[in-house]
2 protein chains.
Amino acid sequence: MDHTIHGRPYEQTEDGPRFRPCAPHGVLARLGDKWTILVLSHLAVASGHRLRFSELKHGIEGITQRMLTLTLRNLERDGLLNRHYFPEVPPRVEYELTDMGASMLPALEGFTSWIRENWPRMEACRQTFDKARE
Amino acid sequence: MDHTIHGRPYEQTEDGPRFRPCAPHGVLARLGDKWTILVLSHLAVASGHRLRFSELKHGIEGITQRMLTLTLRNLERDGLLNRHYFPEVPPRVEYELTDMGASMLPALEGFTSWIRENWPRMEACRQTFDKARE
DNA sequence: CGGGATCCTGTCAGATACTG
DNA sequence: CAGTATCTGACAGGATCCCG
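Chain A is annotated in an unreviewed UniProt entry as HTH hxlR-type domain-containing protein from Sphingomonas sanxanigenens DSM 19645 = NX02.

Right, here's the structure in full:
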């Protein structure tokens, strides 16, 4: 039998539930990496949820070709976006959110709206905390 | 004037909006680290949103003392939980979600529910992707 | 234009040992 | 019991060069 609390798998022990590393962690780890949120933000507001490589690169301050490529590969691997390659000269490549990728946006938006509301307070907490142990 | 799209700051350029690194990324990076979600999950389901250090340590498979301490410090710094120290012998320390910490749970739950629904599909996409370029 | 291949670096997780 | 201190290897990510 598989037990879950709030959808998270755990095993019962005599001292209470013990969670194991699980899916939410893996996905949030991906979203939490340095560039993924920025890439998704751009595609979220783009017409057709679709942009070419150079538009993404120019739109994200400080990202290198390599990191953009890696970020896009990971998102493609997870099925969150599709890569469209046009063998023209010069070549053109467009990235587009999949249905699954687009379906994630409301959940992400819900979370980011919480963050926006609470961000000033978190920032204040950090400064208080840091000052208390300078 | 400060422009935002979906709450994210950006600067306008002749080629369209350019986002800058912003608060959502920082918070998600924290949540995405290896242990934070597991710590929050435990506190979320604990009575009074409150647990002592050893309960957390025992409840999270594989975490080291050091990493649990660091994870808890970061959450405390962000104002998401409080540390209660009882100078007994042996000492006892309890960690408790703050109001802000508890207010984050619904947003987190919304996100993790999306993940649970889509996780099998993401896993399938990864395997397809990996096989295609073995 | 898009991106693969290499090399290099700082950062951080993990293990271990010690302490009030 | 609940930490802190120290060391180490692994790895994320930046810089650079080249290629169809």
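Picking up where we left off.
In a regular helix each residue adds 1.5 Å, so 34 residues correspond to 50 Å; helix α5 (residues 99–132) of chain A covers 48 Å between its end C-alpha atoms and thus fits that length. At Asn118(A), α5(A) is deflected by roughly 55 degrees, the largest bend along its length, and proline Pro120(A) occurs up to four residues later in sequence.

Moving on to the sheet that holds strand β5 (residues 81–86) of chain A. Residue and element names in this part refer to chain A. Ordered by their spatial adjacency, three strands build an open sheet running β4-β6-β5, and the pairing between neighbours is antiparallel. The open sheet terminates on both sides in strands that have one partner only, identified here as β4 (50–52) and β5. Here the average twist between neighbouring strands, direction ignored, is 25 degrees. Each of β5 and β6 (92–97) touches helix α4 (residues 65–77); the most contacted strand, β5, lies at about 115 degrees to it.

Let's shift gears to the interface of chain A and chain B. Taken together, the contact pairs 60 residues of chain A with 60 residues of chain B. Together chain A and chain B conceal approximately 6,000 Å² of surface at their shared face, both sides included; 68% is due to carbon and sulfur atoms. Taken together, the connections running from chain A to chain B amount to four salt bridges. Here Arg77(A) makes a salt bridge to Asp130(B), at a shortest N to O gap of 2.4 Å. Summed over the shared surface of chain A and chain B, the result is eight residue pairs in polar contact (both at pLDDT 80 or more). Elements represented by at least two residues in the side of chain A that touches chain B include exactly β2 (8–13), β3 (16–19), α1 (23–32), α2 (36–45), α3 (53–59), α4 and α5 of chain A. Across the side of chain A that touches chain B, the residue classes tally to 26 nonpolar, 14 polar and 20 charged.

Relative to the helices and strands, Arg126(B) is located in helix α5 (residues 99–132). Overall, the relative accessible area of 13% leaves Arg126(B) in the buried class. When residues no more than four places from it in sequence are discounted, the contact partners of Arg126(B) are Arg30(A), Arg77(A), Asp78(A) and Trp119(B).

It is worth spelling out the protein's contact with DNA strand C at this point. If you check the shell around DNA strand C, you find 18 residues, and the closest are Phe53(A), Ser54(A), Gln65(A), Arg83(A) and Lys34(B). Between a base nitrogen of DNA strand C and a side-chain N or O atom of Arg66(B), the distance comes to 3.1 Å. Contributing elements (two or more residues each) for the surface near DNA strand C: α3, α4 and β6 of chain A together with α4 (65–77) of chain B.

It is worth spelling out the packing of aromatic side chains at this point. Tallied over the entire structure, the rule returns three aromatic pairs over all chains. Ring geometry for Phe111(A) and Phe111(B): centres 6.3 Å apart, planes at 85 degrees, overall edge-to-face. Placement of Phe111(A) in helix α5 and of Phe111(B) in helix α5 is noted, with the two residues assigned to different chains. By the burial criterion, Phe111(A) is buried, and Phe111(B) matches it. Aromatic pair Phe111(B) and Trp114(B): ring centres 6.5 Å apart, planes at 55 degrees, arrangement tilted. A residue pair is termed a helical-turn pair when its members lie 3 or 4 positions apart in one helix, as Phe111(B) and Trp114(B) do in helix α5 at three residues. We note that Phe111(B), like Trp114(B), is buried. Here the aromatic cluster, defined as three or more aromatic residues joined through ring pairs, consists of Phe111(A), Trp114(A), Phe111(B) and Trp114(B). When the ring centre of Phe86(A) is taken as reference, the NZ or CZ atom of Arg92(A) above it lies at 4.0 Å.

Around DNA strand D, the structure places 19 residues, and the nearest of them are Lys34(A), Arg66(A), Gln65(B), Arg83(B) and Tyr95(B). Protein-proximal atoms of DNA strand D, defined as those within 4 Å of the protein, fall in sugar or phosphate at a share of 60%. Here a phosphate oxygen of DNA strand D and a backbone polar atom of Val93(B) are 3.4 Å apart. The separation between a phosphate oxygen of DNA strand D and a polar side-chain atom of Tyr95(B) is 2.6 Å. At the level of elements, α4 of chain A together with α3 (53–59), α4 and β6 (92–97) of chain B are the ones that each hand at least two residues to the surface near DNA strand D. Here the element with the most residues in the surface near DNA strand D is α4(B); it accounts for four residues.

Criteria and thresholds
Residues numbered from 1 in each chain as written. Chains lettered and ligands numbered in written order. Predicted model: local features only at pLDDT ≥ 70, side-chain atom pairs only at ≥ 80, totals over all residues. Heavy atoms only, no water. Helix = DSSP H or I, 4+ residues; strand = E, 2+ residues; numbered from the N terminus. Expected span 1.5 Å × (residues − 1). Bend = angle between axes of the 7 residues up to and from the residue. Pairing = 2+ DSSP bridges. Axes fitted to C-alpha atoms, helices over the stretch in contact; angles between N-to-C directions. Contact = heavy atoms within 4.5 Å. Buried area = accessible area lost by both parts, 1.4 Å probe. Salt bridge = Lys/Arg side-chain N within 4 Å of Asp/Glu carboxyl O. Polar contact = N/O pair within 3.5 Å; in protein donor to acceptor, adjacent residues only side chain to side chain. Nonpolar A, V, L, I, M, F, W, Y, C, P; charged D, E, K, R; others polar. Buried < 20%, exposed > 50% of the residue type's maximum accessible area, 1.4 Å probe, protein only. Near = heavy atom within 4 Å. Phe/Tyr/Trp six-rings, centres within 6.5 Å; stacked < 30°, edge-to-face > 60°. Lys NZ or Arg CZ within 6 Å of the ring centre and 35° of its normal.

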